[in-house]
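Remarks on the overall topology
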Amino acid sequence: MYFKIDLTKIIIILYLLILMSVFTVILDNKILLSINSILYLSFFLYLLVTKKTDLILKLFIITLLLINLGTLITSWDARSIWIFKTKIFFYEENYFNLHYHPQFSHPTYPFLGPIFSSLFVKTFGFWNEIYPKIGLYFLFIPPIIYISTKFKENYLYVFLSLLLLVIGKYFFNGEMDGLISIYFLCSLILIYEIIFSNKQNNNFILLYILFFNNLVLSLLKFEGTVLVVIISTISFLYFLVSKKINIKTLIIIILSSIPSIIWLIYSNYLNSIYNLENSNFTYSNFINRINDFDNLFLILKFFLSDEKFLLSVSIFLYIYFKNKKKNNLLHITLLTNSIYIFALIMIYLATNFDLEWHLSSSANRVIKPITLSLIIISLYHINFKKKKFFNI
């Protein structure tokens with residue numbers, strides 16, 4: 001029987017190989033490691049040679065890969081947290097004895113990125129700082145390929161240009177924030193298509209992609225966990241209010257958040273025993289700060305001082321209010337990002353660090369998912385409204 005290979009099937013396989021890396025790295029079997037990495041590289045190369053992938057997208061992917069091969073890691077977070085964790089997975093046998101890990105590396109942070117990176121290092125059999133960066137870059141491929149299928153011709157060029165504008169350096173600096181942004185954007189588009197698309201035959205495949213995308217997103221950083229919980233909550237609200245989601249779909253979406261929630265609970269348990277983190281958030285800090293409006297103004301000041309964030313918010317709100325009949329895509333985007341901004345404000349108010357220092361060191365990174373989603377969803381809306389797709 002002829003098996004037709006299309007992009008959606010390849011995307012699902014790539015997600016599966018990313019998630020399988022957790023087991024292959026933990027088992028530390030040379031054969032399994034080689035099979036996992038070779039399969040991923042094979043499907044990656046297929047995407048570069050098939051006519052189903054747009055030429056400009058191929059050039060985009062190859063160019064960023066070459067930049068990754070020619071640059072070193074300089075940022076503190078990348079070097080001391082994510083690449084350091086990759087080195088632990090490469091050299092150590094007892095990966096999850098977290099209380100033995102240096103405190104500066106934030107031992108309880110989610111681990112999927114470093115584990116997937118270590119897959120390629122273990123396959124080669126020796127440590128090199130470039131290999132983990134390549135592994136992290138390969139994580140970008142599934143969501144970028146999926147989202148790129150939503151844009152054709154000039155709109156694809158604009159999409160790739162906006163990706164570079166918003167998360168350019170995060171493609172090759174070894175940090176997780178670019179990955180969080182692109183996976184969140186992919187989840188937003190998928191949840192919209194699942195709820196409101198009339199193509200019921202496609203929903204099963206879309207649900208598979210959303211499930212795997214959410215799993216990866218939630219296990220990259222705790223911000224990803226928060227975003228997946230928000231998406232699950234919004235899905236539940238649509239189930240209750242509009243019945244646009246059936247119970248099976250809702251259960252699958254909620255299940256995608258469970259592994260990261262279990263990890264969050266487990267990491268808090270370990271922290272309570274071994275005091276692994278010095279950056280906990282406390283309720284007393286939140287109460288003390290929330291009564292002082294200067295703290296709220298300070299948070300908003302740091303958010304709004306990011307020109308890319310301000311640009312994406314302005315474009316999105318212009319499109320949102322210009323449409324007399326508000327469409328569901330814009331509604332979901334606004335609701336999800338509003339809840340996420342609210343969650344970020346609550347987290348900053350509860351931090352044990354000096355608030356201004358914490359904002360200066362992280363605010364422009366944690367709002368990247370908002371910046372990217374607002375500006376790309378605006379483009380998505382313009383593109384499909386012009387093409388008259390999805391009835392928006």
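The structure we're discussing is the one just above.
Residues numbered from 1 in each chain as written. Predicted model: local features only at pLDDT ≥ 70, side-chain atom pairs only at ≥ 80, totals over all residues. Heavy atoms only, no water.

Comments concerning the packing of aromatic side chains
- Summed over all chains, the structure comprises 33 aromatic pairs.
- Residues Phe 126 and Tyr 131 carry aromatic rings whose centres are separated by 5.6 Å and whose planes lie at 65° to one another, so their mutual orientation is edge-to-face.
- Relative to Phe 140, the ring of Tyr 137 lies with its centre 6.4 Å away and its plane at 45°, an arrangement referred to as tilted.
- You can call Tyr 137 buried: its relative accessible area is 2%.
- Its relative accessible area of 1% is what places Phe 140 among the buried residues.
- An aromatic cluster of at least three residues, connected via ring pairs, comprises Tyr 40, Phe 44, Phe 60, Phe 116, Phe 120, Tyr 137, Phe 138, Phe 140 and Phe 171. (Phe/Tyr/Trp six-rings, centres within 6.5 Å; stacked < 30°, edge-to-face > 60°. Buried < 20%, exposed > 50% of the residue type's maximum accessible area, 1.4 Å probe, protein only.)

Points about the packing of helix α15 (residues 293-304) against helix α17 (residues 328-350)
- Direction vectors running N to C along α15 and α17 enclose 125°, while the axes themselves pass 11 Å from each other. Regarding the angle of α15 to α17, the classification is oblique. Judged by the sense of rotation from one axis to the other, the crossing of α15 with α17 is right-handed. Residue-level inspection shows Asn 295, Leu 296, Ile 299, Leu 300 and Phe 303 of α15 in contact with α17, the latter providing Ile 341, Leu 344, Ile 345, Tyr 348 and Leu 349.
- When the residues that make up the contact of α15 with α17 are grouped by side-chain class, the tally is nine nonpolar, one polar and no charged. (Axes fitted to C-alpha atoms, helices over the stretch in contact; angles between N-to-C directions. Helix = DSSP H or I, 4+ residues; strand = E, 2+ residues; numbered from the N terminus. Parallel < 35°, antiparallel > 145°, perpendicular 65-115°, else oblique. Left-handed = near helix turned anticlockwise from the far one by under 90°. Contact = heavy atoms within 4.5 Å. Nonpolar A, V, L, I, M, F, W, Y, C, P; charged D, E, K, R; others polar.)

Re the packing of helix α5 (residues 112-124) against helix α6 (residues 130-138)
- At a minimum axis separation of 8 Å, α5 and α6 run at an interaxial angle of 130°. Considered as vectors, α5 and α6 are oriented oblique to each other. Crossing handedness for the pair α5 and α6: right-handed. Judged by residue contacts, Gly 113, Phe 116, Ser 117, Phe 120, Val 121 and Phe 124 of α5 engage Tyr 131, Pro 132, Gly 135, Leu 136 and Phe 138 from α6.

Here's the deal with the pattern of salt bridges
- This model, assessed by the stated rule, comprises six salt bridges.
- Arg 365 serves as the salt-bridge partner of Asp 77, at 3.4 Å between the closest nitrogen and oxygen. Here Asp 77 is found in helix α4 (residues 76-91), whereas its partner Arg 365 is found in helix α18 (residues 355-366), with 288 residues between them in sequence. Residue Asp 77 shares its accessibility class with Arg 365, and that shared class is buried.
- Through salt bridges with shared partners, one network takes in Asp 77, Asp 177, Lys 221, Glu 223 and Arg 365. (Salt bridge = Lys/Arg side-chain N within 4 Å of Asp/Glu carboxyl O.)

By themselves, these are just geometric observations and shouldn't be taken as functional.
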